[in-house]
Amino acid sequence: MELQLEGKTALVVASSQGLGKAIAQRLVLEGANVMITSRNEEKLKEVAQELSELHKGRVAYIRADVTKKEEIQRLVAQTAETYGALELLVNNAGGPPTGTFETITDEDWYQAFELNLLSYIRLIREALPYLKKNGGKIVNIASSSIKEPIPGLLLSNTFRTGIVGLTKTLASEFAQYNILINTVAPGRIATERVAFLDQMNAEKFGITKEEMEMRMKSAIPLGRYGTPEEFANVVTFLLSAANSYMTGQSFLVDGGMVKAI
Ligand SMILES: NC(=O)c1ccc[n+]([C@@H]2O[C@H](COP(=O)([O-])OP(=O)(O)OC[C@H]3O[C@@H](n4cnc5c(N)ncnc54)[C@H](OP(=O)(O)O)[C@@H]3O)[C@@H](O)[C@H]2O)c1
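Residues numbered from 1 in each chain as written. Predicted model: local features only at pLDDT ≥ 70, side-chain atom pairs only at ≥ 80, totals over all residues. Heavy atoms only, no water.

*Asks:* Looking at this structure, how should I read the UniProt feature "repeat: ANK" (unreviewed entry) in the protein chain?
*Replies:* UniProt records the feature "repeat: ANK" (unreviewed entry) for residues 6–39 in the present numbering. With 35% helix and 29% strand, the stretch residues 6–39 has end C-alpha atoms that lie 28 Å from each other. (UniProt positions renumbered as here; feature names shortened; annotations may be inferred. Helix = DSSP H or I, 4+ residues; strand = E, 2+ residues; numbered from the N terminus.)

Have a look at this one:
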C-alpha cells in the first residue's frame, strides 16, 4: 500500500504533545512537511527539534491559540507560505473542562464552543482555498463521546457531536474539489489528558490513580489503553493516498470500548 505522503504539506493543530504530536511524528516519518502548533513556544521548539532529528520530512512550528480568529488566520497563511502549499489539515485542540449541567456556566459553554468546534470551522475556512488547488484531506479529531456520552464531560459530549455533523455535511460540499474529510474519535489513548482525567476521577471516588486506570481498562475489550502511535496510524492512513474513497465518516479508535453499533 502506497501512502504517497512524501513532500505533502500538513498542518497538525494542537501538536505540542499527545495525539497531535504523535500524528505530526508519523507524518514526518512518512516524509511529509509538517507544521506543528500550540500555545507554548518552548514546547513547540523542543518537539520540532525532536522531529527534525528523524531526518525525514521537514518540520516547523508556529505559536497560535486556536480560540483566536486572527491567530488561526496567521497560522494557516504562514504554513502555506513556509511550504508553498497546504494539502493536509488535522484539526485538534485541548479538551474542555469537566462538569455537570448545574455547574457549567454560559462562559464555559462559549469557551468550549470556541475551542472544540468553532476553531475547526475557522481552520477549515482558512485552509480551504489551499486545499481546493489540488484536492486535499482533512481529519477532525473528536472523542468516543460522539457515539456514547461520557459522564462528567457534558461540554465534550455536546460539541464533539457537532464535529460529526460538520464533517458529514462538508464531505458532500467539498467532494467537487476532491477534498476528503473524516472524523477520528479516540477512546482512551494514553496521553497527559487521560492521565489528568484518571487522577481527577480517582480523587472523586477516593481511590488511587492506578486503581482508577484498572477500572477503566477493564471496560476495554482489548484490556489496555491505546498508544498515541496506534491512533496516529489511523489518522495517517486517512490522510494518505491509500484513502481515496472514504469521506464523511467517523472512526472510533478505542480497543472496542464503545458498545454502540
Ligand atoms: N487521549 C484520549 O484518549 C482522548 C479521548 C477523547 C478525546 N480526546 C480529545 O482529543 C484532543 C487531544 O487529546 P490529547 O490526549 O492529545 O490531549 P493533551 O495531551 O491535553 O494535548 C492537547 C494539545 O492541545 C493543545 N492546546 C490546548 N489548548 C489549545 C489552544 N487554545 N490553542 C492551541 N493549542 C491548544 C495543547 O498544547 P498547549 O498547551 O501547548 O497549547 C496540546 O498540544 C483533546 O481535545 C481531547 O479531549 C482525547
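Additional details are given in the paragraphs that follow.
*Asks:* Looking at this structure, I do not really get helix 6 (residues 192–205). What am I missing?
*Replies:* With 14 residues, helix 6 should reach 20 Å at 1.5 Å per residue; the first-to-last C-alpha distance of 20 Å fits that figure. Listed as buried for helix 6 are Val-194, Leu-197, Asp-198, Asn-201 and Ala-202. Each buried residue of helix 6 sits inside an arc of 135 degrees when the element is viewed along its axis, so together they form one side. What points out from helix 6, more than 90 degrees from its buried face, is the exposed set Glu-192 and Glu-203. Lining the buried residues of helix 6 we find helix 7 (209–218). (Expected span 1.5 Å × (residues − 1). Buried < 20%, exposed > 50% of the residue type's maximum accessible area, 1.4 Å probe, protein only. Arc of directions from axis to C-beta. Contact = heavy atoms within 4.5 Å.)

*Asks:* When you look at the site of the ligand in this model, what are you seeing that I'm missing?
*Replies:* Residues in close proximity to the ligand total 29 residues, the closest being Ser-38, Arg-39, Ala-93, Ile-189 and Thr-191. Taking Ser-16, its side chain carries an N or O atom lying 2.8 Å from an oxygen atom of the ligand. Side-chain polar atom of Gln-17 to an oxygen atom of the ligand: 2.8 Å apart, as the coordinates give it. Burial of the ligand by the protein chains amounts to 91% of its free accessible area of 880 Å². Broken down by secondary-structure element, the contributors of at least two residues to the shell around the ligand are helix 1 (18–29) and helix 6. (Near = heavy atom within 4 Å. Polar contact = N/O pair within 3.5 Å; in protein donor to acceptor, adjacent residues only side chain to side chain. Areas by Shrake-Rupley, 256 points an atom, 1.4 Å probe, with all protein chains shown as cover.)

*Asks:* Whenever I open this one, the packing of aromatic side chains confuses me. Can you help?
*Replies:* Two numbers describe a pair of aromatic rings. These are the distance of the centres and the angle of the planes. Across all of its chains, the model carries 3 aromatic pairs by this definition. With a centroid separation of 5.9 Å and 70 degrees between ring planes, the pair formed by Trp-109 and Phe-159 is classed as edge-to-face. Of this pair, Trp-109 sits in helix 4 (residues 106–134) while Phe-159 sits in helix 5 (residues 154–174); the two residues are 50 residues apart in sequence, bridging distant segments of the chain. Note on Phe-159: relative accessible area 11%, which makes it buried. An angle of 45 degrees between the planes, with centres 6.0 Å apart, marks the rings of Phe-113 and Phe-159 as tilted. Placement of Phe-113 in helix 4 and of Phe-159 in helix 5 is noted, with a sequence separation of 46 residues between them. On the accessibility criterion, Phe-113 (29% relative accessible area) is partly exposed. An aromatic cluster is built from Trp-109, Phe-113 and Phe-159, whose rings are joined through pairwise contacts. Taking NZ or CZ as reference, Arg-215 lies 5.4 Å from the ring centre of Phe-205, over its face. (Phe/Tyr/Trp six-rings, centres within 6.5 Å; stacked < 30°, edge-to-face > 60°. Lys NZ or Arg CZ within 6 Å of the ring centre and 35° of its normal.)

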